[in-house]
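Residues per chain are reported as follows:
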Amino acid sequence: MAAFIQLTLDWEPQLRTSLRLSLHPDTGRPPLRGGRAIGWIGDALTPLAHTHPGLDLHRLAVTIRSATGIASLIWLTDIAGLTRRQAADTMRWSARALLTAALDEHRPRGQVSDQRIPTTPDGRPPAPPAR
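Since we're looking at a predicted model, the values are computed, not measured. (Residues numbered from 1 in each chain as written. Predicted model: local features only at pLDDT ≥ 70, side-chain atom pairs only at ≥ 80, totals over all residues. Heavy atoms only, no water.)

A few points about a nonpolar patch on the surface
Inference 1: Taken together, the side chains of L7, W11 and W40 define a hydrophobic patch exposed on the protein surface, amounting to about 320 Å² of accessible area.
Inference 2: Tracing the sequence through the fold places L7 in helix α1 (residues 2-10).
Inference 3: Residue classification places L7 among the partly exposed residues on the basis of a relative accessible area of 36%. (Patch = residues over 30% accessible without salt bridge, like charges linked within 9 Å, V, L, I, M, F, W, Y side chains within 5 Å. Areas by Shrake-Rupley, 256 points an atom, 1.4 Å probe, with all protein chains shown as cover. Salt bridge = Lys/Arg side-chain N within 4 Å of Asp/Glu carboxyl O. Helix = DSSP H or I, 4+ residues; strand = E, 2+ residues; numbered from the N terminus. Buried < 20%, exposed > 50% of the residue type's maximum accessible area, 1.4 Å probe, protein only.)

Description of the packing of α1 against helix α7 (residues 84-105)
Each pair of packed helices gets described by two things: the angle between the helix axes and the distance between those axes.
Inference 1: Between α1 and α7, the shortest axis-to-axis distance is 10 Å and the interhelical angle comes to 145°. Here α1 and α7 pass one another in a crossing that is right-handed. Contact residues: A2, I5, Q6 and L9 in α1; R84, R85, A88, M91 and R92 in α7.
Inference 2: Of the residues belonging to the contact of α1 with α7, the class tally is five nonpolar, one polar and three charged. (Axes fitted to C-alpha atoms, helices over the stretch in contact; angles between N-to-C directions. Left-handed = near helix turned anticlockwise from the far one by under 90°. Contact = heavy atoms within 4.5 Å. Nonpolar A, V, L, I, M, F, W, Y, C, P; charged D, E, K, R; others polar.)

Quick look at the nonpolar core
Inference 1: Within the largest apolar cluster, 13 residues are counted, with the highest numbers of intra-cluster contacts made by I5, L9, I70, L73, L76 and M91.
Inference 2: Of all elements in the fold, only α1, α6 (70-79) and α7 reach the threshold of two or more residues within this core.
Inference 3: By residue number, the principal contributor to this core is α6, which donates four residues.
Inference 4: Ranked by size, the runner-up nonpolar core spans 11 residues in total, among them I41, L60, A95 and A102. (Core = buried A, V, L, I, M, F, W, Y, C linked by side-chain atoms within 4.5 Å.)

Some words on α7
Inference 1: Taking 1.5 Å per residue as the helical rise, α7 with its 22 residues ought to reach 32 Å, and the 31 Å between its terminal C-alpha atoms agrees with that figure.
Inference 2: Buried residues of α7: A87, A88, D89, T90, M91, S94, A95, A97, T100, A102 and L103, and no others.
Inference 3: Elements in contact with the buried residues of α7: α1, α4 (48-51), α5 (57-66) and α6. (Expected span 1.5 Å × (residues − 1).)

A word on the side chain of T68
Inference 1: Mapped onto the secondary structure, T68 falls in the loop between α5 and α6.
Inference 2: Polar side-chain contacts of T68 include one of 3.2 Å to the backbone oxygen of I64.
Inference 3: For T68, the contacting residues outside a window of four places in its chain are M1, F4, M91 and A95. (Polar contact = N/O pair within 3.5 Å; in protein donor to acceptor, adjacent residues only side chain to side chain.)

A closer look at the environment of I41
Inference 1: Tracing the sequence through the fold places I41 in helix α3 (residues 36-45).
Inference 2: With residues up to four places along the chain from it excluded, the contact list for I41 reads M1, A61, I64 and R65.

Details of the pattern of salt bridges
Inference 1: Throughout the structure, instances matching the rule amount to four salt bridges.
Inference 2: Linking R16 and E12 is a salt bridge whose minimum nitrogen-to-oxygen distance equals 2.9 Å. Taken together, the residues span about one helical turn, with R16 and E12 both in helix α2 (residues 12-22) at a distance of four residues.
Inference 3: Residue E12 is classed as buried on the basis of its relative accessible area, which comes to 7%.

Pasting the structure below:
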């Protein structure tokens, strides 16, 4: 997710243009958005097929994708007023929270989850460690 989100940040102007064009089907242009991210996320989730056989990996990939990418970045920055760094942190946190929730739903009965999504007191994702 970190690499995908960085790609979104790096290509933000082009992705905004692609999104804008994809919202106007009457332009006669073919859609520029190929939906590759769902495949990338699905590939990253593939090991879960062995450890969580009942988990619908495609559905999880689509769900994670819905909380990441250019549309999410636009909403988080333009509407919610976050900085790009805060938006990136929020998208990573959201992806991790969705993964944790899916794993919790498919853990064996009686097993307690040891995964926790850290948050700050105001409910936001924690800042990344200083580099």
